[in-house]
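Examining the three-dimensional arrangement
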Amino acid sequence: EAQVTQNPRYLITVTGKKLTVTCSQNMNHEYMSWYRQDPGLGLRQIYYSMNVEVTDKGDVPEGYKVSRKEKRNFPLILESPSPNQTSLYFCASTTLGGGGNQPQHFGDGTRLSIL
Amino acid sequence: AQSVTQLGSHVSVSEGALVLLRCNYSSSVPPYLFWYVQYPNQGLQLLLKYTSAATLVKGINGFEAEFKKSETSFHLTKPSAHMSDAAEYFCAVSEAGGSYIPTFGRGTSLIVHP
């Protein structure tokens, strides 16, 4: 089954304790992206990657890191989490064939609470 | 530059009534347009997309949307709402031949009353 898998689904942690949210896709997609969803603000892009070893900042990259060492994986790293990073996070992927006319496939989300 | 505006953060309808969710976009080149639905505790899933073929696009679950270039709109409709349609709906745009990075609207929460 084609899917984007995020882990964990839920996490409660404390300020300053490094954490990683994993994302993996099995569709051989070139493009992967991380979003955060906050009430009233919709989806905001954090980072994206067009291919292996190619990453770029989205609209709200501060406080986050990513890496793309393999095509299927795109982990999101919070090296020193703060309460304002409490949010619902989504990973998404798609193929670049078609020049942007392909939809994104989303994971089920990771709800992070930072105390 | 591209942008998306979804009018109304919440839309409330009665079961059986027409659903109309509004989306207006701006794009300097021909756009690709998408509607996604997000059910509680789930990720977004594609409802339908416009990619420069037919202007009236039919999607899953009885939804459809019409691309109107003159109005820069891509409104989502469904003739008769079901309780199961209650969800968050997102409109998104990307630019044909552009950087690919899509822009999402802020979402509209559809509430369906019995």
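The structure we're discussing is the one just above.
Note that this is a predicted model, so its numbers are computed, not measured.

Basis of the calculations
Residues numbered from 1 in each chain as written. Chains lettered and ligands numbered in written order. Predicted model: local features only at pLDDT ≥ 70, side-chain atom pairs only at ≥ 80, totals over all residues. Heavy atoms only, no water. Pairing = 2+ DSSP bridges. Helix = DSSP H or I, 4+ residues; strand = E, 2+ residues; numbered from the N terminus. Axes fitted to C-alpha atoms, helices over the stretch in contact; angles between N-to-C directions. Buried < 20%, exposed > 50% of the residue type's maximum accessible area, 1.4 Å probe, protein only. Disulfide = S-S within 2.5 Å. Core = buried A, V, L, I, M, F, W, Y, C linked by side-chain atoms within 4.5 Å. Contact = heavy atoms within 4.5 Å. Buried area = accessible area lost by both parts, 1.4 Å probe. Salt bridge = Lys/Arg side-chain N within 4 Å of Asp/Glu carboxyl O. Polar contact = N/O pair within 3.5 Å; in protein donor to acceptor, adjacent residues only side chain to side chain. Phe/Tyr/Trp six-rings, centres within 6.5 Å; stacked < 30°, edge-to-face > 60°.

This next bit is on the sheet that holds strand 3 (residues 19–26) of chain B. All names here are of chain B. Spatially, 1-3-8-7-6 is the arrangement adopted by the five strands of the open sheet, whose pairing is antiparallel. With one partner strand each, in any of the chains shown, strand 1 (3–7) and strand 6 (56–58) form the two edges of the open sheet. Averaged over all pairs of adjacent strands, the angle between their axes in this sheet comes to 20 degrees, without regard to strand direction. In this sheet, strand 8 (residues 73–78) lies alongside strand 3 in antiparallel orientation, the contact comprising four bridges. In the sheet register, valine 19 faces strand 8, and the bridge partner there is lysine 78.

Glancing now at the pairing of strand 3 of chain B. The side chains of a regular strand alternate between the sheet's two faces. Residues and elements named next belong to chain B. The alternating pattern of strand 3 places Val19, Leu21, Cys23 and Tyr25 on a buried face and Leu20, Arg22, Asn24 and Ser26 on a face that is not buried. Pairing of strand 1 with strand 3, which is carried by five bridges, proceeds in the antiparallel orientation. Within the sheet, the bridge partner assigned to valine 4 lies in strand 3 and is tyrosine 25.

This part covers the state of the cysteines. Residues and elements named next belong to chain A. For the structure shown, the criterion picks out two disulfides over all chains. One disulfide bridge connects cysteine 23 with cysteine 91, the sulfur atoms lying 1.9 Å from each other. Disulfide cysteine 23-cysteine 91: the torsion about the S-S bond is -75 degrees, which places it as left-handed. In this pair, cysteine 23 is assigned in strand 3 (residues 19–25) and cysteine 91 in strand 9 (residues 87–94), connecting sequence segments 68 residues apart. Like cysteine 23, the residue cysteine 91 is buried in the burial classification.

Now for the nonpolar core. With 27 residues, the main nonpolar core has Trp35, Leu48, Leu76 and Tyr89 of chain B as its most contacted residues. Only strand 2 (10–14), strand 3, strand 4 (31–38), strand 5 (44–50), strand 7 (64–68), strand 8, strand 9 (87–95) and strand 11 (108–113) of chain B provide two or more residues apiece to this core. Beyond its immediate chain neighbours, meaning those up to four positions away, leucine 48 of chain B contacts Leu33, Phe34, Trp35, Val57, Lys58, Gly59, Phe63, Glu64, Ala65, Phe74 and Leu76 of chain B. The next biggest cluster of nonpolar side chains, apart from the first, holds 19 residues, and it includes Met32, Ile46, Tyr64 and Leu78 of chain A.

Now for the interface of chain B and chain A. Interface size is often expressed as the accessible area that is lost when the parts come together. In this assembly, 23 residues from chain B lie in contact with 26 residues from chain A. For the pairing of chain B and chain A, the buried interface totals around 1800 Å² over both sides, and the portion due to carbon and sulfur atoms is 57%. Our count for the chain B to chain A interface comes out at zero salt bridges. Run the count over chain B and chain A and you get five residue pairs in polar contact (both at pLDDT 80 or more).

A few words on the packing of aromatic side chains. Enumeration over the complete set of coordinates arrives at 13 aromatic pairs over all chains. Arranged with centres 6.0 Å apart and planes meeting at 25 degrees, the rings of tyrosine 25 of chain B and phenylalanine 67 of chain B form a pair that is stacked. Highlighted residues: tyrosine 25 of chain B in strand 3 and phenylalanine 67 of chain B in strand 7, separated in sequence by 42 residues. No difference in accessibility class separates tyrosine 25 of chain B from phenylalanine 67 of chain B, as the two residues are buried. Ring geometry for phenylalanine 63 of chain B and tyrosine 89 of chain B: centres 5.5 Å apart, planes at 45 degrees, overall tilted. With a gap of 26 residues between them, phenylalanine 63 of chain B in the loop between strand 6 and strand 7 and tyrosine 89 of chain B in strand 9 connect regions that are remote in the sequence. Judged by relative accessible area, which is 0%, tyrosine 89 of chain B ranks as buried. By the ring-pair criterion, three or more aromatic residues cluster together here, those being Tyr35, Phe90 and Phe106 of chain A together with Phe34, Tyr36 and Phe104 of chain B.

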